[in-house]
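# Structural features, examined
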Amino acid sequence: MKFRILQPKRIIILIVLMLLFNYTSQAQTSFKNWALTPPMGWNSWDCYGSTVTEAEVKANADYMATNLKKLGWQYVVVDIRWFVENDKAGGYNQTDPRYVMDEYGRYLPYSGRFPSAAGGKGFKALADYIHSKGLKFGIHIMRGIPVDAVKRKLPIKGTNGITADQIYTTDLQCKWLTDNYTIVAEKPGAQEYYNSILALYASWGVDFIKVDDLSRPYHQGEIELIRKAIDRTGRPIVLSTSPGETPIKNAAHVKEHANMWRMVDDVWDVWKDLVHLMNVAKGWYAYSAPGTWPDCDMIPLGRIAIRGERGKDRMTRLTKDEQVSLMTFFTIFRSPLMFGGDLPSNDAFTLSLLNNKDILKMHKEGVEVRQLFMENGRVAVTSRNSKTGERYLALFNIGDKETTTIAVDLKDLGFNGKYKIKNLWTGEIAKGSAASFSQQIAPHASKVFSISK
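Remember, it's a predicted structure, so these values are computed and weren't measured experimentally. (Residues numbered from 1 in each chain as written. Predicted model: local features only at pLDDT ≥ 70, side-chain atom pairs only at ≥ 80, totals over all residues. Heavy atoms only, no water.)

### Points about the overall build of the protein chain
Summing up its helical and strand segments, the protein chain has 12 helices and 21 strands in all. For the protein chain, the C-alpha radius of gyration of 24 Å lies close to 22 Å, the compact-globule estimate for 453 residues. By its C-alpha atoms, the protein chain is 75 × 75 × 40 Å across when sized along the principal axes. Here the protein chain, with 453 residues, has 55% of them falling under the buried criterion. Counted over contacts in the protein chain with a minimum sequence separation of 6, partners at least 24 positions apart contribute 72%. In the protein chain, 59 side chains carry a positive charge and 47 a negative one; their mean positions are 6 Å apart. (Helix = DSSP H or I, 4+ residues; strand = E, 2+ residues; numbered from the N terminus. Rg over C-alpha atoms; globule rule 2.2 N^0.38 Å. Buried < 20%, exposed > 50% of the residue type's maximum accessible area, 1.4 Å probe, protein only. Contact = heavy atoms within 4.5 Å. Lys, Arg positive; Asp, Glu negative; His and termini not counted. Charge placed at Lys NZ, Arg CZ, Asp CG, Glu CD.)

### Examining the domain arrangement of the protein chain
The extent of an interface is frequently quoted as the accessible surface area lost upon association of the parts. The domains assigned to the protein chain are domain 1 (31-355) and domain 2 (373-452). One C-alpha centre belongs to domain 1, the other to domain 2; they are set 34 Å apart. Across the domain 1 to domain 2 interface the summed buried area is about 1300 Å²; carbon plus sulfur atoms make up 74%. Of all residues in domain 1, Trp-271, Thr-328 and Ile-332 bury the most surface against domain 2, accounting for 40% of the area lost on that side. Applying the counting rule to domain 1 against domain 2 returns 0 salt bridges. At the boundary of domain 1 with domain 2, the tally comes to 5 residue pairs in polar contact (both at pLDDT 80 or more). Breaking the side of domain 1 that touches domain 2 down by element, the ones donating at least two residues are helix H9 (271-281), helix H10 (320-333) and helix H11 (348-354). With 8 residues, H10 is the single largest residue contributor to the side of domain 1 that touches domain 2. (Domains from an automatic or database assignment. Buried area = accessible area lost by both parts, 1.4 Å probe. Salt bridge = Lys/Arg side-chain N within 4 Å of Asp/Glu carboxyl O. Polar contact = N/O pair within 3.5 Å; in protein donor to acceptor, adjacent residues only side chain to side chain.)

### A look at the pairing of strand E20 (residues 436-441)
Covered by surrounding structure in E20 are Phe-437, Gln-439 and Ile-441 only, the residues Ser-436, Ser-438 and Gln-440 on the alternate face being uncovered. Here 6 bridges tie strand E17 (residues 404-409) to E20, and the two strands are oriented antiparallel to one another. By the bridge assignment for E20, Ile-406 is matched with Gln-439. (Pairing = 2+ DSSP bridges.)

### A look at the sheet that holds strand E9 (residues 260-262)
In spatial order, the strands read E10-E9-E8-E7-E3-E2-E1-E13; together these 8 strands make up an open sheet with parallel pairing. In this open sheet, the two strands that pair with only one neighbour each are strand E10 (293-295) and strand E13 (337-339). On average, each strand axis in the sheet is tilted by 25° relative to the strand beside it, whichever way the strands run. Of the strand pairs in this sheet, E9 and E10 are connected by 3 bridges, and their pairing is parallel. (Axes fitted to C-alpha atoms, helices over the stretch in contact; angles between N-to-C directions.)

### Section: helix H12 (residues 357-365)
Of the positions making up H12, those classed as buried are Ile-359, Leu-360, Met-362, His-363 and Glu-365. Where H12 begins, the capping side chain belongs to Asn-356, and its oxygen is found 3.0 Å from the backbone nitrogen of Asp-358.

### Considerations on the sheet that holds strand E5 (residues 168-169)
An order of E4-E6-E5 is seen for the 3 strands of this open sheet, with the pairing classed as antiparallel. Each edge of the open sheet carries a strand with a single partner, namely strand E4 (145-146) and E5. Where E4 lies against strand E6 (residues 180-183), 2 bridges are found, and the strand directions are antiparallel. Looking across to E6, one finds that Ile-145 is bridged to Tyr-181.

### Observations regarding the side chain of Thr-163
Topologically, Thr-163 is positioned in the loop between helix H5 (147-151) and E5. A polar contact is formed between the side chain of Thr-163 and the side chain of Asp-165, at a distance of 2.5 Å.

### Focus on the side chain of Asp-295
The residue Asp-295 is located in strand E10 in this model. Of the side chains with opposite charge, Arg-262 comes closest to the buried, unpaired Asp-295, at an N-O distance of 4.9 Å. A polar contact is formed between the side chain of Asp-295 and the backbone nitrogen of Asp-297, at a distance of 2.9 Å. Among residues more than four places away in sequence, those in contact with Asp-295 are Ser-240, Met-260, Trp-261, Arg-262, Met-263, Ser-335 and Pro-336.

### A word on the packing of H10 against H12
For the pair H10 and H12, the least separation of the axes is 7 Å and the interaxial angle reads 35°. Where H10 abuts H12, its residues Thr-328, Phe-330, Thr-331 and Ile-332 lie against Ile-359, Met-362 and His-363. Split into classes, the residues belonging to the contact of H10 with H12 amount to 4 nonpolar, 3 polar and no charged. (Nonpolar A, V, L, I, M, F, W, Y, C, P; charged D, E, K, R; others polar.)

### A word on the environment of Met-260
Structurally, the position occupied by Met-260 is in strand E9. Accessibility expressed as a relative area gives 1% for Met-260, which makes it buried. On a C-alpha basis, the gap between Met-260 and Ser-335 in space is 8.6 Å, while along the polypeptide they are 75 residues apart. Other than its neighbours up to four places away in sequence, Met-260 contacts Pro-39, Phe-208, Leu-239, Ser-240, Thr-241, Trp-293, Asp-295 and Pro-336.

### Notes on the pattern of salt bridges
One pass over the full model with this rule turns up 28 salt bridges. Between Arg-262 and Asp-297 there is a salt bridge; the shortest N-O distance is 3.1 Å. With Arg-262 in strand E9 and Asp-297 in the loop between E10 and strand E11 (303-304), this residue pair connects regions lying 35 residues apart in the sequence. Close ionic contact of Asp-273 with Lys-272 constitutes a salt bridge, the shortest N to O distance being 3.3 Å. Here the residues in one salt-bridge network are Arg-81, Asp-87 and Asp-179, joined through shared partners.

### Comments concerning the UniProt feature "domain: Alpha galactosidase C-terminal" (unreviewed entry) in the protein chain
When the UniProt feature table is mapped onto this chain, "domain: Alpha galactosidase C-terminal" (unreviewed entry) is found at residues 377-450. Taken as a whole, residues 377-450 contains 0% helix and 55% strand, while its terminal C-alpha atoms sit 22 Å from one another. (UniProt positions renumbered as here; feature names shortened; annotations may be inferred.)

Have a look at this one:
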């Protein structure tokens, strides 16, 4: 048998290839470790639209640090258009927007609303402030490359002379906000552009990025560019894709590239949005897993629309029963929880929806989430606590007219004999042994229980 002696140069090349393969394999899975439980935090969109200020972000971070951090709430996210000087409440200024960006076509925060960003410093100081509170910082961006960068033929950082006008297409440009063009994923310079903006965000200390207009239609090419760019930074940045109804046919792909993805369009403080969400969610129960979470959207509770995109300054229009139903579904389903109201404006009832330890335990530790039935306005969802083994059972009356009885055979949940049952919202505990468990539930109301032997 003859052995071939490799030349030193070939050995070096082989080692490099092996290292690159190993790095790629790790990057494809390691991002899931950044969100082993569903992310929880606050997002500025529902209450401030595209006009939130640094002072308002800090005020919400302060509230979270004082009242919610110990319960697992940790992300503080600045939503859309933080780089536009003259945007407006109640929509977007698309007539004559003035953008702030650097020489490489990368958006920068507008210092008129974010004073600490003056002089091209970006969000570094704001991120440092939020980190000092023991919290994490996030931002929103639109997919693609700025139209303004294309028109000005700005260079793409990390390339040898490639400019913005060489990597774009007008095809599939976002219809509701035209700041950016689509990036052609296969073009030289496309990956480098996403690399450049993610490197910038990582230098600021960003821990979470929500990328908009990725889901309908599903922009597979750009999602892959973003995934690679995040991994390249070496910083654990949670990726949220948004908005719209992510096609179920793309479930396997999105699970391998994002930590969370929107199932529906924006959920507002109207009952029909929750019912629609429950219907869409039927296809997504099987895809929840540590690190990858179907997303119910932001939580439109508390004081919203202070300068929001939809409606006037108000406390949520959902009734108290409807608010409890929304939080019950979001938590048993194990959606990421991004509160949309202004936290410092919370009343005692709104805070009680966010700080119930039993509810948050179910949200954090529940596994095997599944819908038992959705029929005739009756909905039942169950899960199991991964640590204690107790079963969770949520019952919803999504009908509009009358109180109804919802019954579940507990044998289907593994109970055949005596059991203890606890109402997670009220704390009431009872004992039982009947195989059939039933509750009277008013229209739009719900109840959720833990059941143990």
